[in-house]
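# A closer look at the structure
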Amino acid sequence: MCGIIGYIGKNNALKVITDGLKQLEYRGYDSAGIAIKNNNEIKIFKSVGKIKELEKKIDYTIQSDIGIGHTRWATHGSVNITNSHPHKVGSITLVHNGIIENYEQLKQELIKKNYQLKSDTDTEIACGYIDYLYQKDKNIITTLNKIKDIFKGSYAFAILVDNDNYLYATRKDSPLIIAKGENENYLASDVPAILKYTNQYYLLDNYEIAILEKDNIKILKDNKEIKKELLTFNYNIETSLKNGYDHFMLKEINEQDKLVESLINIYLQDKKTLLNKMPDFKKYNQIHIVACGSAYHAGLVGKYLIEKYANTKVYVEVASEYRYNKLFFDKKTLVIIISQSGETADSLASLRIAKENKIDTLAIVNVYGSSIAREASKTLYINAGCEIAVATTKAYTLQLLMLSFIALAMGIQKELIDDSSFEDIKKYYTKLPQLMHNEIKRDLKNIAKNIYKKNNIFFIGRGIDYALSLEGSLKLKEISYIHSEAYPAGELKHGTISLIEKNTPVIAIVTDENIYEKTISNIKEVASRGAYVILIISKHLDKDGDFYNEKIVIENTNSLINSLTAIIPLQLLAYNIALLKGCDIDKPRNLAKSVTVE
Ligand code: AGP
């Protein structure tokens, strides 16, 4: 949601922190700020907008060896300088990622103690409250130990204290890593922020407190120093560079075929390998898939696959609803959480509810060591590498692949897929990377040119194609800001078809052989009302006709993995349309890569 970073060491803190903020910008970019210590005086630089606006305000001649920085995705208080971080109240200067839910109550307490608050943020209130506790005994450690019983909600704090040369950090539910350098140490919301300097890091757990000096890192748990495993971040810096592409999103779309091939080689060498990597699904008779956004859309595809190949009932729920719904589960229920970042607050909360009810959980995650990955009973990593573009592509596609592995393994364990069927299916996986590569190279610029000025674009499909149309619609909305809706093809005529007029673009997806005639007749319904139909159809279902204006024919494989080729034209269409509109493709307005608040 926001990105935080801290530095203490031999180099210029302003430079290191600015570099780090640029890597964190995908987590939120409404505003940014840096605080450094210079001759024991705190200097704060802040700006609205992206990091490049902040750089214009910074005097890099100021030498400092300690500082903190922040990129903001506004949750409380509008986007302005006063509300941007770092905040300083009394002796405490801090940056924050998360939401302090009981900020109103804390604010009233501070006002009674004559604190003057300047901003509209929960963070400034947290800063003031920490100062209020600190003033009692001038001990920041006892203070930070107290907040865990006082602050409700989520936080990752990086803290500077007047007249003190240490850098402090603590967290609850918001991600935070502590990284180890040579005569310098760092903290950040995630490792890419400091990957340029080191790939050695500690994962801070809830309520632990880190104390950073240039040449030492101390981590306290319940006021006692603990030893934690020093981890190595395996992605190289190249994964966070564009490698010649104009945008991270285009780079990540182009990585999909190779990443799919790698994951197939890990999971699908043979049946034994696949089953060894999967939990024992035999005991489950219902699956809850819980996720947000594109991960939720992947879950909807997973539902079709698991119900078809493993004959097991699947319920797919948006995490922000699931966590507050009345839940019906029992010992034969498996809850699957899908999350690229592994930090999405609603998905993490849903995981915890399942665990509180002693329900088995399985996570499909990209970021190693993330909260969801660490807390699930079992985690399957999709190995997508760093996904920088806020609009997910490669992670979504690899989530689809992992869900196909789950459906396949569950079908085998439930004796619904025999050895010869497995070998037949495996052949399709072998062909998949090349077919995806062909799709990635397809030029959709002309189709994009025909529709990029439209204000409304519809997506339709049935069954698994409806699930795909939801993702295609979200991709388009996220990066081009064009209003779009995805509809079950059979549902359009129950009202929304009234919006179809001459040249209204309708993108129709047809890959499911079981119901394609029905979908074709729905397409004809919109075509007859003047819609501009872009048909995305599997080769084995292809037919000529006057019910489309553009046609994209994709090679079909097997219904377990057809969606991995069908999604690529939808990703590329969204990309090319956004490009023509001059949108900020990698960092769309109002969005953040990881939504770590409710
Ligand atoms: C995807 O393009 C979006 N940026 C968003 O919907 C995302 O999928 C959602 O926030 C879930 O994130 P997660 O996978 O990290 O949990």
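Not measured: the values here are computed from a predicted model.

About the thresholds
Residues numbered from 1 in each chain as written. Predicted model: local features only at pLDDT ≥ 70, side-chain atom pairs only at ≥ 80, totals over all residues. Heavy atoms only, no water. 1 Å grid on protein atoms, 1.4 Å probe; cavity = no way out; pocket = protein on both sides within 12 Å on 5 of 7 lines; lining within 4 Å. Points joined across faces, edges and corners; volume = space filled by probe spheres on them. Helix = DSSP H or I, 4+ residues; strand = E, 2+ residues; numbered from the N terminus. Nonpolar A, V, L, I, M, F, W, Y, C, P; charged D, E, K, R; others polar. Phe/Tyr/Trp six-rings, centres within 6.5 Å; stacked < 30°, edge-to-face > 60°. Buried < 20%, exposed > 50% of the residue type's maximum accessible area, 1.4 Å probe, protein only. Lys NZ or Arg CZ within 6 Å of the ring centre and 35° of its normal. Pairing = 2+ DSSP bridges. Axes fitted to C-alpha atoms, helices over the stretch in contact; angles between N-to-C directions. Contact = heavy atoms within 4.5 Å. Expected span 1.5 Å × (residues − 1). Bend = angle between axes of the 7 residues up to and from the residue. Near = heavy atom within 4 Å. Polar contact = N/O pair within 3.5 Å; in protein donor to acceptor, adjacent residues only side chain to side chain. Areas by Shrake-Rupley, 256 points an atom, 1.4 Å probe, with all protein chains shown as cover. Salt bridge = Lys/Arg side-chain N within 4 Å of Asp/Glu carboxyl O. Parallel < 35°, antiparallel > 145°, perpendicular 65-115°, else oblique. Left-handed = near helix turned anticlockwise from the far one by under 90°. Core = buried A, V, L, I, M, F, W, Y, C linked by side-chain atoms within 4.5 Å.

It is worth spelling out the layout of surface pockets at this point. Quantified by volume, the largest pocket comes out at close to 550 Å³. In terms of lining, the largest pocket is formed by 27 residues, of which the most central are Cys292, Gly293, Ser294, Lys593 and Val595. Mapped onto the lining of the largest pocket, the elements with two or more residues apiece are α8 (293–310), β18 (333–339), α10 (345–356), α12 (394–413) and α15 (464–480). The element that contributes the greatest number of residues to the lining of the largest pocket is α8, accounting for 4 residues. Taken together, the residues of the lining of the largest pocket sort by class into 12 nonpolar, 12 polar and 3 charged.

Using the criterion set out here, one finds 13 aromatic pairs in the structure. Their ring planes at 85° and their centres at 5.2 Å tell us that phenylalanine 547 and tyrosine 548 sit as a pair that is edge-to-face. Pair check on accessibility: phenylalanine 547 and tyrosine 548 agree, each one buried. An aromatic cluster is defined as three or more aromatic residues linked by ring pairs; in this entry it consists of Tyr129, Tyr132, Phe151, Tyr155 and Phe157. Seen from the ring of tyrosine 267, lysine 277 lies directly overhead, with NZ or CZ sitting 5.6 Å from the centre.

Moving on, we get to the sheet that holds strand β24 (residues 532–538). Reading across the sheet, the 5 strands line up as β22-β21-β23-β24-β25 and stay open at both edges, with parallel pairing between neighbours. The open sheet has two free edges, formed respectively by β22 (483–488) and β25 (550–554), since each of these has just one partner strand. Neighbouring strand axes in the sheet, compared pairwise and without regard to direction, differ in orientation by 15° on average. Examined bridge by bridge, strand β23 (residues 505–510) and β24 share 6 bridges and lie parallel to one another. Within β24, the residue paired with valine 506 across the bridge is valine 533. α15 rests against β21 (456–461), β22 and β23 of the sheet, and its axis sits at about 175° to β22.

The terminal C-alpha atoms of helix α6 (residues 248–267), which comprises 20 residues, lie 27 Å apart, in line with the 28 Å expected from a rise of 1.5 Å per residue. Of all the bends in α6, the greatest measures close to 40° and is centred on glutamine 256. Of all 20 residues making up α6, 14 are buried, and the element is well covered by its neighbours.

A few words now on the site of the ligand. In the region of the ligand, 15 residues are neighbours, and Ser339, Gln340, Ser341, Thr344 and Glu478 sit closest. In the model, an oxygen atom of the ligand is placed 2.7 Å from a nitrogen or oxygen of the glutamine 340 main chain. The backbone of valine 390 places a nitrogen or oxygen atom 2.9 Å from a nitrogen atom of the ligand. Here the ligand, which alone exposes 410 Å², has 90% of that area covered by the protein.

A separate point is unusual backbone geometry. At the junction of histidine 85 and proline 86, the peptide bond is cis and its omega measures out at 5° in the coordinates. The residue asparagine 163 is not glycine, and still its phi comes out positive at about 55°. The phi dihedral of asparagine 383 falls on the positive side, at around 55°, and the residue is not glycine. Here asparagine 383 falls in the partly exposed class, since its relative accessible area comes to 25%.

Moving on, we get to the pattern of salt bridges. This model, assessed by the stated rule, comprises 34 salt bridges. Among the salt bridges present, the one from aspartate 542 reaches lysine 551, with a minimum N-O distance of 2.7 Å. On the basis of relative accessibility, which here comes to 31%, the residue aspartate 542 falls in the partly exposed class. Linked by salt bridges that have partners in common, Lys172, Asp173, Arg352 and Glu375 make up one network.

Turning to the pairing of strand β3 (residues 41–48), a few remarks are in order. Examined bridge by bridge, strand β2 (residues 31–38) and β3 share 8 bridges and lie antiparallel to one another. Within β3, the residue paired with glycine 33 across the bridge is lysine 46. Once β2 ends, the chain turns through 2 residues before running back antiparallel as β3, passing asparagine 39 with a positive phi of about 50°.

Right, let's get into the packing of α8 against α12. In helix packing, the relevant descriptors are the interaxial angle and the interaxial distance, both defined with respect to the helix axes. Interhelical geometry of α8 versus α12 gives an angle of 20° and a closest axis separation of 9 Å. Judged on the interaxial angle alone, α12 and α8 are roughly parallel. The hand of the α8/α12 crossing is right-handed. Across from Ser294, Ala295, His297, Ala298, Gly299, Val301, Gly302, Leu305, Ile306, Tyr309 and Ala310 in α8, the residues of α12 making contact are Tyr396, Gln399, Leu400, Leu403, Ser404, Ile406, Ala407, Met410 and Gly411.

A word on the nonpolar core. Taken as a class, soluble globular proteins show a tendency for nonpolar side chains to be buried jointly. Core analysis: the biggest nonpolar cluster contains 129 residues, and Met278, Leu401, Phe405, Ile406, Leu408 and Tyr429 have the highest contact counts within it. The leading source of residues in this core is α12, at 14 residues. Ignoring any residue separated from it by four or fewer positions in sequence, one finds phenylalanine 405 in contact with Leu263, Ile264, Tyr267, Leu268, Leu274, Met278 and Tyr429. Of all hydrophobic cores here, the second largest spans 28 residues; its members include Leu106, Ile147, Phe157 and Tyr168.

Another point: helix α4 (residues 122–137). Between its terminal C-alpha atoms α4 stretches 24 Å, which fits the 22 Å expected from 16 residues at 1.5 Å a residue. Summarising burial for α4: 13 of the 16 residues are buried, a large majority. Once α4 finishes, lysine 138 follows within two positions and takes phi at roughly 50°, a positive value.

Let's shift gears to empty space enclosed by the protein. Per the stated rule, a full pass over the model turns up 2 cavities of 30 Å³ or more. Taken together, 28 residues line the largest cavity, and the ones lying closest to its centre are Tyr26, Asp190, Pro192, Ser341 and Val367. Here the lining of the largest cavity is composed, by residue class, of 14 nonpolar, 8 polar and 6 charged. Together, Cys2, Arg72, Trp73, Ala74, Thr75, His76, His85, His96, Gly98, Thr121, Asp122 and Thr123 line the second largest cavity.

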